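Summary of structural features
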Amino acid sequence: MAKGIVIREAHYPGRAPIEAYGNGGFRFADMSHRGSLLCLPSGIHGWEPVDPLALTAADFDKLFAEAGKVEILLVGTGKDLRPLPAALRATLKEAGISADPMSTGAAVRTYNVLLAEDRAVAAALIAVD
């Protein structure tokens, strides 16, 4: 007997460049994802945040679990550049991660370049319409 729909956490187990963004989501590895993304050394994860001004350290728990593998975090804050909350910046700094907020489009482009250079980069990308 069928158990119904099983909802799993969105996760792509690997690193991949972002092929496109917009319409509330992203394309990568010949797939699409609706919503925000957290791109880590362990893979690309679906990510809940939609408001860059409301980001907290808890939104980055998966990142902190991999902090030793990440030197720079690109934070795509939507259509416009928005500063990260001071408490979040301090927590990232304590973990040894340099955070660089920018528009989501700029973060996608920069992430792809640094990924191609095999740099220790992660990206937190808030989806844009």
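To keep things clear, this report deals only with the structure shown in the data block. (Residues numbered from 1 in each chain as written. Predicted model: local features only at pLDDT ≥ 70, side-chain atom pairs only at ≥ 80, totals over all residues. Heavy atoms only, no water.)

What about the sheet that holds strand β3 (residues 25–28)?
- Across the sheet, which stays open at both edges, the three strands sit in the order β2-β3-β4 with antiparallel pairing between neighbours. Each edge of the sheet is formed by a strand with only one pairing partner; in this case those strands are β2 (18–22) and β4 (31–34). Strand-to-strand twist across the sheet, computed as the mean angle between neighbouring axes with direction ignored, equals 15°.
- Where β2 lies against β3, four bridges are found, and the strand directions are antiparallel. Each bridged residue has a counterpart across the sheet, and for Ile18 the counterpart in β3 is Phe28.
- On the sheet, helix α3 (residues 104–116) packs against β2 and β3 and is oriented at approximately 180° with respect to β2. (Pairing = 2+ DSSP bridges. Helix = DSSP H or I, 4+ residues; strand = E, 2+ residues; numbered from the N terminus. Axes fitted to C-alpha atoms, helices over the stretch in contact; angles between N-to-C directions. Contact = heavy atoms within 4.5 Å.)

Examining the packing of aromatic side chains
- Within this structure, the stated rule accounts for two aromatic pairs.
- Here the aromatic rings of Tyr12 and Phe28 are separated by 5.9 Å at their centres, their planes lie at 70°, and the arrangement is edge-to-face. Taken as a pair, Tyr12 in strand β1 (residues 11–12) and Phe28 in strand β3 lie far apart in primary sequence, 16 residues in all.
- Overall, Tyr12 belongs to the partly exposed group, its relative accessible area being 25%.
- Take Phe28: its relative accessible area is 5%, and that puts it in the buried class. (Phe/Tyr/Trp six-rings, centres within 6.5 Å; stacked < 30°, edge-to-face > 60°. Buried < 20%, exposed > 50% of the residue type's maximum accessible area, 1.4 Å probe, protein only.)

Here's the deal with the side chain of Thr77
- Locating Thr77 in the fold gives a position in the loop between β7 (72–76) and α2 (86–94).
- Side-chain polar atoms of Thr77 contact the backbone nitrogen of Arg82, separated by 3.1 Å.
- In contact with Thr77, other than residues within four places in its own chain, are Pro52, Arg82, Pro101, Met102, Ser103, Thr104 and Ile126. (Polar contact = N/O pair within 3.5 Å; in protein donor to acceptor, adjacent residues only side chain to side chain.)

Side note on α3
- Its 13 residues give α3 an end-to-end C-alpha distance of 18 Å, which sits within 8% of 18 Å, the value for a rise of 1.5 Å per residue.
- For α3, the complete set of buried residues consists of Thr104, Gly105, Ala107, Val108, Tyr111, Leu114 and Leu115.
- Considering only its buried residues, α3 is in contact with β2, β3, β5 (36–40), β7, β8 (98–102) and β9 (121–125).
- Two residues or fewer past α3, Asp118 is found with a positive phi of approximately 60°. (Expected span 1.5 Å × (residues − 1).)

Comments concerning the sheet that holds β8
- Judged by pairing direction, the sheet is mixed, and its six strands sit side by side in the order β1-β6-β5-β9-β7-β8 without closing on themselves. The sheet is open, and its two borders are formed by β1 and β8, each paired with just one other strand.
- Relative to β9, β7 runs parallel, the two sharing five bridges. Looking across to β9, one finds that Ile72 is bridged to Val121.
- Contacting β5, β7, β8 and β9, α3 runs over the sheet at an angle of about 150° to β7.

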